[in-house]
Amino acid sequence: MRLRPFALREPATVEEAVAALADLDGEARLVAGGTALVPMIRLGLVAPDRLISLHRVAGLQGARTAGGALELGAMTTCGAVERHPEVRHGWPLLARAAGRVASPAVRNLSTVGGNLAYAEAASDVSPALLCLEAEIHVAGPGRGRTVPITTLFRGFYETALAPGEIITGLRVPAMPAGARSGYVKFCSRSAEDKPLVGVAAVLTLEGARSVCRRARIALGGAAPTPIRAARAEVGLEGEALSDAAIAAAAETAAREADPLSDLMGSADYRRRMVRVWVRRLLTALRDDRPVEG
């Protein structure tokens, strides 16, 4: 399907982008990498009168550390996150998840901010950022604000962003000292597909019995939005990571899931895959061995 004609605006500052978005001359859409928006336009799901490109907006790209935390510009691509040496060293979970997004061609176009704003339930990046307790920087017609990622996703393709607001970046706190982390995704077809189920986890373990002092587990493709498996986390904390404890956590996570059925798999199948992949990931992290998947 050919693209419907639209006007293109290319602001140079965040303030100009916010102003362009506020103009009441038809429907406007922000475009970052375009990997989600362009297919939606081609399918006729959205028909914007104008697109506001963020490519020329200064200060929205790049990664840097500040005060022990990672600061990422919203226009930083998933490919850049995957390759960035500081991210790979200090936040390997985020680098791994970004490196599992679709294909290299898509990773070099898709942006972290666009990924979050799209609110895709089957996201690779969002579960990792949920485990890392990222904070999202937002600009809008009023004052800028910071949104905890735990409150960003409101529903199916819906976020807490108000009309006229733009994600400008995110802050990712330092990982706990000695923490183990991993991300696995299960695809029913190609490895370049969106995950049927994705699981991210960060564990802080102590002693020879691998007692879990802190657990963060997040799921993609297992509910209308990316979610934290909060009850599974609580059940692990203070417990030695025995096979039985891991199996119980996987069962709890499966019960917390609220998956939808689609052409890739039924809700029941997705829930079973949550159980399988949470168990596999937690076992690999406990045994301190490479995570496969």
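Rules of the game
Residues numbered from 1 in each chain as written. Predicted model: local features only at pLDDT ≥ 70, side-chain atom pairs only at ≥ 80, totals over all residues. Heavy atoms only, no water. Helix = DSSP H or I, 4+ residues; strand = E, 2+ residues; numbered from the N terminus. Rg over C-alpha atoms; globule rule 2.2 N^0.38 Å. Buried < 20%, exposed > 50% of the residue type's maximum accessible area, 1.4 Å probe, protein only. Contact = heavy atoms within 4.5 Å. Areas by Shrake-Rupley, 256 points an atom, 1.4 Å probe, with all protein chains shown as cover. Lys, Arg positive; Asp, Glu negative; His and termini not counted. Charge placed at Lys NZ, Arg CZ, Asp CG, Glu CD. Pairing = 2+ DSSP bridges. Axes fitted to C-alpha atoms, helices over the stretch in contact; angles between N-to-C directions. Disulfide = S-S within 2.5 Å. Core = buried A, V, L, I, M, F, W, Y, C linked by side-chain atoms within 4.5 Å. Expected span 1.5 Å × (residues − 1).

(A) Summary view of the overall build of the protein. Within the protein, the secondary structure is distributed over 11 helices and 14 strands. Since a compact globule built from 293 residues should have a radius of gyration of about 19 Å, the 19 Å found for the protein is in line with a globular shape. On the principal axes, the C-alpha backbone points of the protein span a range of 60 × 45 × 30 Å. Split into buried and exposed, the 293 residues of the protein put 53% on the buried side. At a minimum sequence separation of 6, the contacts of the protein that also span at least 24 residues come to 62%. Carbon and sulfur atoms make up 52% of the accessible area of the protein, which amounts to about 13,400 Å² in all. In the protein, which carries 36 positive and 31 negative side-chain charges, the distance between the mean positions of the two groups comes to 3 Å.

(B) Highlighting the side chain of Glu 233. Examined against the element boundaries, Glu 233 turns out to sit in helix 9 (residues 230–236). Those residues in contact with Glu 233 that lie beyond four places of it in its chain are Ala 215, Arg 216, Ile 217 and Arg 228.

(C) Expanded view of the sheet that holds strand 3 (residues 50–53). Sheet architecture is open: 3 strands sit in the order 1-3-2, paired in parallel fashion. Looking at which strands have only one partner, the edges of the open sheet turn out to be strand 1 (7–9) and strand 2 (28–31). Recorded for the sheet is a direction-independent mean angle of 25° between the axes of neighbouring strands. Inspection of the sheet shows strand 1 paired to strand 3 by 3 bridges, in the parallel sense. What sits directly across from Arg 9, in strand 3, is Ile 52. Seen against the sheet, helix 1 (residues 14–22) touches strand 1, strand 2 and strand 3 and runs at an angle of roughly 170° to strand 3.

(D) Molecular detail of the state of the cysteines. Tallied over the full model, the rule gives 0 disulfides. Between Cys 187, a free cysteine, and Cys 78, which holds the nearest cysteine sulfur, the sulfur-to-sulfur gap is 15 Å. Taking relative accessible area as the criterion, Cys 187 reaches 15% and is therefore assigned buried. Between Cys 212, a cysteine without a disulfide, and Cys 131, which holds the nearest cysteine sulfur, the sulfur-to-sulfur distance is 12 Å.

(E) Region of interest: the nonpolar core. Ranked by size, the top nonpolar core spans 38 residues in total, and within it Leu 94, Leu 116, Leu 129, Ile 136 and Leu 170 carry the most contacts. Mapped by element, the contributors of at least two residues to this core are strand 5 (69–73), helix 3 (78–83), helix 5 (92–98), helix 7 (112–118), helix 8 (125–131), strand 6 (135–139), strand 10 (166–172) and strand 12 (197–206). In contact with Leu 170, other than residues within four places in its own chain, are Leu 70, Glu 71, Leu 72, Val 112, Leu 116, Leu 129, Ala 134, Glu 135, Ile 136 and His 137. The next biggest cluster of nonpolar side chains, apart from the first, holds 35 residues, and it includes Val 184, Ile 217, Ala 254 and Ala 257.

(F) Spotlight on helix 10 (residues 243–256). The end-to-end C-alpha distance of helix 10, which contains 14 residues, comes to 20 Å, matching closely the 20 Å that a straight helix rising 1.5 Å per residue would cover. At its buried positions, helix 10 is contacted by strand 13 (211–220), strand 14 (227–228), helix 9 and helix 11 (267–286).

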